[in-house]
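Structural overview
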Amino acid sequence: MTSLRSRAVIAKYRITRRKRVFSDVDKLHESIRHPSAVPRVPRGAFRGCRISCHDVRGFPYFRITPESGPAPYHVLYLHGGAYVHGIEGAHWHFLDRLVRTTGCAVTVLLYPLAPEHTHREVLPVVEECYERALGELAPDRQVVMGDSAGGGLGLHLAQWLRDQHRPLPRRTVLISPWLDISAAHPAMAGLDRTDPYLSRPGLREAGLLYADGLSPHDPRVSPLYGGLDGLGPTVVFSGTRDVLLSDARRFRELAAQHAVPLDYEEYPGMFHGWMLQDLPEARQATRRLAALLESVPAAR
């Protein structure tokens, strides 16, 4: 059974009609307002850490390093937002929880957003940020992690490294991942009815803005079609009230077919991005993620 706190969040989404942003294409366009100022790390987050801001191709990224000693691994985090919305407070608070739980270092990239920027600018920025943040670390100290659209970018990075015949990270972690921007899978119709947050019309529109004329099935924008052969250890977290659960389950099926070492975590009653929230289930999932990151990856 879902916690009272989780049910309250779902009820709030229903009452405030939060889903309209994605069920109504006009509302989606109204929601796309990209601030000119660089978002700041929330006051009080990441206590006991050094925080520095850097730049890659004109876009900022934050490096967060615990002062207590060497981090066991370094996470490159790619936030969600359907490629059109920027980082939110929930992302920062989740990462603060992750750092406190694991002692890891984190790099957070504020990559360019559609419609001003498309996959043509986004992917090179993500790849170069990987080089700067993780490229010189041993693979067993590298973690690529992302939620929603950031999960799609994380899978793209894993495929990009594989295609260059380079060592793969210790783990690639996909949280409520959006892996197919077409949002056309038949299972999504039923999931849409129970999802209190996301909806297919807005996802399709956001995907088209990001793809900018590219086919929605092109693996550069929908990495589910990029092939999973040769990928390294991967972790997926999803929930059963998330319209993108169909992407997670399709990934699980393909991973089994292609012998990808996969830890798949599906939480009953949880909605899109629930793991970023201040919820009992999110704290439990963070502890589970910490244990998976600490463990030795399964052999291929």
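Reference entry: report on the structure contained in this document. Predicted, not measured: the structure shown is a model, and the values here were computed from it. (Residues numbered from 1 in each chain as written. Predicted model: local features only at pLDDT ≥ 70, side-chain atom pairs only at ≥ 80, totals over all residues. Heavy atoms only, no water.)

Below, the discussion takes up empty space enclosed by the protein. A complete count under the given rule lists 1 cavity of 30 Å³ or more for this structure. Along the walls of the largest cavity sit Ala 158, Leu 168, Pro 169, Thr 172, Leu 231, Gly 232, Pro 233 and Thr 234, which together make up its complete lining. By residue class, the composition of the lining of the largest cavity is 5 nonpolar, 3 polar and no charged. (1 Å grid on protein atoms, 1.4 Å probe; cavity = no way out; pocket = protein on both sides within 12 Å on 5 of 7 lines; lining within 4 Å. Points joined across faces, edges and corners; volume = space filled by probe spheres on them. Nonpolar A, V, L, I, M, F, W, Y, C, P; charged D, E, K, R; others polar.)

In this section: the pattern of salt bridges. Applying the stated criterion to the full structure yields 15 salt bridges. Put simply, Arg 100 and Asp 96 hold a salt bridge, and the shortest N to O gap is 3.2 Å. Here Arg 100 and its partner Asp 96 are both found in helix H4 (residues 89-102), 4 residues apart, which amounts to about one turn of the helix. Residue class for Arg 100 comes out exposed when judged on its relative accessible area of 60%. We note a salt bridge from Glu 265 to Arg 288, for which the minimum N-O separation is 2.9 Å. (Salt bridge = Lys/Arg side-chain N within 4 Å of Asp/Glu carboxyl O. Helix = DSSP H or I, 4+ residues; strand = E, 2+ residues; numbered from the N terminus. Buried < 20%, exposed > 50% of the residue type's maximum accessible area, 1.4 Å probe, protein only.)

The next thing to look at is the side chain of Glu 265. Inspection of the secondary structure puts Glu 265 in strand E8 (residues 262-271). A polar contact is formed between the side chain of Glu 265 and the side chain of Arg 288, at a distance of 2.9 Å. Discounting chain neighbours no more than four positions away, the residues touching Glu 265 are Val 236, Phe 237, Ser 238, Arg 288 and Leu 292. (Polar contact = N/O pair within 3.5 Å; in protein donor to acceptor, adjacent residues only side chain to side chain. Contact = heavy atoms within 4.5 Å.)

Here strand E7 (residues 234-241) lies mainly inside the structure; 6 of its 8 residues are buried. Note: strand E6 (residues 171-175) against E7, 4 bridges, orientation parallel. Across the sheet, Val 173 pairs through a bridge with Val 235, a residue of E7. Sheet analysis places E7 next to E8, joined by 7 bridges and oriented parallel. Counted as the bridge partner of Thr 234 is Leu 262 from E8. (Pairing = 2+ DSSP bridges.)

Take the sheet that holds E6 next. The strand order across the open sheet built from 8 strands is E1-E2-E4-E3-E5-E6-E7-E8, with neighbouring strands paired in mixed fashion. Of all strands in the sheet, those bounded by a partner on one side alone are strand E1 (49-56) and E8. Neighbour-to-neighbour, the strand axes of the sheet open up by a mean angle of 20°, direction not taken into account. Bridge analysis of E1 against strand E2 (residues 59-66) gives 8 bridges, and the strand direction is antiparallel. Bridge assignment links Asp 55 to a residue of E2, and that residue is Pro 60. (Axes fitted to C-alpha atoms, helices over the stretch in contact; angles between N-to-C directions.)

Bringing the packing of aromatic side chains into the picture now. Counted by the stated rule, this structure contains 11 aromatic pairs. Between Tyr 13 and Tyr 197, the aromatic rings sit 5.2 Å apart at their centres with planes inclined by 50°, giving tilted as the arrangement. In this pair, Tyr 13 sits in helix H1 (residues 4-16) while Tyr 197 sits in the loop between helix H7 (187-194) and helix H8 (200-211), placing the two residues 184 residues apart along the sequence. Neither Tyr 13 nor Tyr 197 differs from the other in exposure class; each is buried. (Phe/Tyr/Trp six-rings, centres within 6.5 Å; stacked < 30°, edge-to-face > 60°.)

Before going further, it helps to examine the packing of H7 against H8. Where H7 contacts H8, the axes come no closer than 10 Å and their chain directions differ by 115°. For the pair formed by H7 and H8, the contact residues are Met 188, Ala 189 and Asp 192 on the first element and Arg 200, Pro 201 and Leu 203 on the second. Of the residues contributing to the contact of H7 with H8, the split by class is 4 nonpolar, no polar and 2 charged.

Taken as a whole, the largest pocket spans an internal volume of roughly 550 Å³. What lines the largest pocket is a set of 28 residues, and nearest its centre among them are Tyr 13, Arg 18, Glu 88, Tyr 197 and Gln 277. Elements with a minimum of two residues in the lining of the largest pocket: H1 and H4. In terms of residue count, the dominant contributor to the lining of the largest pocket is H1 (5 residues). The residue makeup of the lining of the largest pocket, split by class, is 11 nonpolar, 10 polar and 7 charged. Roughly 430 Å³ of volume is contained in the second largest pocket. In this structure, the second largest pocket is lined by 23 residues; those nearest its centre are His 34, Pro 35, Pro 39, Tyr 111 and Leu 113. Taken together, the residues of the lining of the second largest pocket sort by class into 13 nonpolar, 8 polar and 2 charged.

For strand E5 (residues 142-147), the tally of buried residues reaches 6 of 6 residues, placing the bulk of the element in the interior. Residues Gln 142, Val 144 and Gly 146 point to one face of E5 and Val 143, Met 145 and Asp 147 to the other, with burial holding for every one of them. Relative to E6, E5 is paired through 5 bridges, and the arrangement is parallel. The partner of Gly 146 across the bridge, within E6, is Leu 174. In terms of handedness, the path from E5 via helix H6 (residues 149-163) over to E6 forms a crossover that is right-handed. (Right-handed = clockwise from strand over helix to strand, strands pointing away.)

Just distances and angles here, no functional claims.
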